[in-house]
Amino acid sequence: KGTYYYFKLEPLRWEIIDEEKGLLLCDRIIENMRYANDISNNYKNSKVRAWLNDYFLNFAFTKEEQAFIKTTLVDNSPESTLISPNKFACENTEDKIFLLSAVEARAMNVNNYYFPMELQRVISDFSRATGCEMDVWLNYGCGRWYTRSPFANKSNQVRVVLENGKMENRDVHNERIGIVPALRIDL
């Protein structure tokens, strides 16, 4: 508060995580925010989903670039959360930009490591300056990031990828957890 920061606007870099599906994931944490404004872990009604498909989509991509991004039927089933049955799983959504599910994140761990490096994401300078939690020890510069998958036992928690690549559950009100957007294009 009362301090001004200036950031160099740099292009986002995307990692191909599933070439067959044209699935891309941003290579870093670009923002940190609450998952939801209420106590719900419902992805369809979440603050983060609305932000990704409105503000972020229109700020980060030109109209010409947006034409290449596919509208994706996003699987929000209990099976996508790694915990089934899951009474907090919501209906599927159609999105241009979305968060990975717990199943999609786990699929990135191709070597089945306990601490999968494929899931670790570095925090952008902007997120660092706005309060995103950052590891300063073993995984320096890496942060936590939300998946879209609700936790099955509490209505106010979602699955989060930690700094070391493991997944745990965290509260939907935590403003210090990062956002790593995903999208689909024709490759």
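Numbers given for residues are sequential positions, taken from 1 along each chain in its written order. Since the coordinates come from a predicted model, pLDDT governs what is reported: local features require at least 70, and pairs of side-chain atoms require 80 or more to be given and counted, while whole-chain, interface and lining totals use all residues. Only hydrogens and water are set aside; all other atoms, that is, all heavy atoms of the structure, feed into the side-chain values.

## A word on the overall build of the protein
Put simply, DSSP H or I for four residues or longer makes a helix, DSSP E for two residues or longer makes a strand, and each gets a number counted from the N terminus. In terms of helices and strands, the protein carries 4 helices and 14 strands. Two things to know: the radius of gyration comes from C-alpha atoms, and the globule rule equals 2.2 Å times the number of residues to the power 0.38. Computed over C-alpha atoms, the radius of gyration of the protein comes to 16 Å, within 12% of the 16 Å expected from 2.2 N^0.38 for 187 residues, which places it in the range of a compact globule. Seen through its C-alpha atoms, the protein measures out along the principal axes to roughly 45 × 40 × 35 Å. Exposure classes here rest on a 1.4 Å probe applied to the protein chains alone. A residue is buried below 20% of its type maximum, exposed above 50%, and partly exposed in between. Looking at the protein as a whole, 49% of its 187 residues qualify as buried. Contacts spanning at least 24 positions in sequence make up 63% of the contacts within the protein whose residues lie at least 6 apart. The criterion used for residue contact is that any of the two residues' heavy atoms lie within 4.5 Å.

## With respect to the environment of Cys 26
In this structure, Cys 26 sits in strand β2 (residues 23-26). For the pair Cys 26 and Ala 50, spaced 24 residues apart in sequence, the C-alpha separation works out to 18 Å. Not counting the four nearest positions on each side in its chain, Cys 26 is found in contact with Leu 12, Arg 13, Trp 14, Arg 121, Val 180 and Pro 181.

## Comments concerning the pattern of salt bridges
Pairs can form between side chains of opposite charge whenever their charged atoms are close. Note on definitions: salt bridges are taken to be side-chain nitrogens of Lys or Arg within 4 Å of carboxyl oxygens of Asp or Glu. Under the definition given, this model contains 12 salt bridges. The residue Lys 70 makes a salt bridge to Asp 186 at a minimum N-O spacing of 3.2 Å. Note that Lys 70 is positioned in the loop between α2 (63-66) and β5 (72-74) and Asp 186 in the segment after β14 (182-184), a separation of 116 residues in sequence. A residue is classified by how much of its surface remains accessible, and Lys 70, at 35% relative accessible area, is partly exposed. Residue class for Asp 186 comes out exposed when judged on its relative accessible area of 63%. With its nearest N and O atoms 4.0 Å apart, the salt bridge here joins Arg 184 to Glu 104. Of this pair, Arg 184 sits in strand β14 while Glu 104 sits in helix α3 (residues 102-107), and the two are 80 residues apart along the sequence. One exposure class covers both Arg 184 and Glu 104, and it is buried. Through salt bridges with shared partners, a single ionic network connects Arg 13, Asp 27 and Arg 28.

## Overview of the sheet that holds strand β3 (residues 28-29)
In space, the 3 strands of this open sheet follow the order β3-β8-β9, with mixed pairing throughout. The open sheet has two edge strands, β3 and β9 (142-143), and neither has a second partner. Any two strands with at least two DSSP-identified bridges between them are counted as paired.

## Examining the sheet that holds β14
Taken together, the 4 strands give an open sheet; going across it, the order is β1-β2-β14-β7, and neighbouring strands pair in antiparallel fashion. Of all the strands in the sheet, the pair left with one neighbour each is β1 (14-18) and β7 (97-98). With 2 bridges connecting them, β7 and β14 associate as antiparallel partners. From the neighbouring strand, Phe 98 faces β14, where its bridge partner is Ala 182.

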